[in-house]
Amino acid sequence: IKSSILYPIIMNHIGQCINDKNEYVRRSCYSTIGIIAEGCEEKFRDNLDKIVDLLVSSFIKESSISCKHQIIISIDRLTEYFDDLMAYYHDKIVPLLIEQIKLDDKKQIILNESALIELNYFIKILEEELEIYHSTLIPLLLNIIFNVSDKKNNRQRSEALSALCTLINRAPIELFN
């Protein structure tokens, strides 16, 4: 099926189901966005503004941890397929990820790990835009590495360390003077 036929049908269905009371229905909507992104590349490129806005607004209003996790996974897929364009949306996505990572809630560990992984990817694709996040990210990542409340959560620490290493590697030398 051509993406010109598939995309409108699926996005119409997602638009109808994204506010469903059943979290499994909502999660499948978020999952579908990430799954069809590669196959409907042309349509996604044309509508990336709307898709990113949909995912960001859904993340903000979503109460289900599993749905939020799926939203991050779908954002990750979009970043993978459209890294040339996704850097443009850093001002919507990176603050969202930072706010999620700041939540030191044991119930949201997997969500925070996914947010750290996606943040690391954004650190890799951003250029001069990255500089505006240095003063927030460095202390946040150091705090996770050294002070995360659950000392057993080595994966979260590992992802924070990876993001910090990427950030330092990409930072201008003047930052360290």
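Residues numbered from 1 in each chain as written. Predicted model: local features only at pLDDT ≥ 70, side-chain atom pairs only at ≥ 80, totals over all residues. Heavy atoms only, no water.

Asker: Help me get a handle on the overall build of the protein, residues and values and all.
Answerer: A tally of helices and strands in the protein yields nine helices and zero strands. Taken from N to C terminus, the helices and strands of the protein fall in the order α-α-α-α-α-α-α-α-α. Taking 2.2 N^0.38 as the reference for a compact globule, 177 residues should give roughly 16 Å; the C-alpha atoms of the protein span a radius of gyration of 17 Å, in line with that estimate. Expressed along its principal axes, the backbone C-alpha trace of the protein runs to roughly 55 × 35 × 20 Å. The 177 residues of the protein split such that 46% are buried. Put simply, 71% of the contacts in the protein that link residues at least 6 apart link residues at least 24 apart. When the accessible area of the protein is evaluated, it comes to approximately 9,500 Å², of which 52% is carbon and sulfur surface. The protein carries 20 positive and 26 negative side-chain charges, and their two centres are separated by 8 Å. (Helix = DSSP H or I, 4+ residues; strand = E, 2+ residues; numbered from the N terminus. Rg over C-alpha atoms; globule rule 2.2 N^0.38 Å. Buried < 20%, exposed > 50% of the residue type's maximum accessible area, 1.4 Å probe, protein only. Contact = heavy atoms within 4.5 Å. Areas by Shrake-Rupley, 256 points an atom, 1.4 Å probe, with all protein chains shown as cover. Lys, Arg positive; Asp, Glu negative; His and termini not counted. Charge placed at Lys NZ, Arg CZ, Asp CG, Glu CD.)

Asker: Describe the side chain of Asn47, and please don't skip the residues or the numbers.
Answerer: Relative to the helices and strands, Asn47 is located in helix H3 (residues 41-61). Within the local environment of Asn47, its side chain forms a polar contact with the backbone oxygen of Lys43, the two atoms lying 2.8 Å apart. (Polar contact = N/O pair within 3.5 Å; in protein donor to acceptor, adjacent residues only side chain to side chain.)

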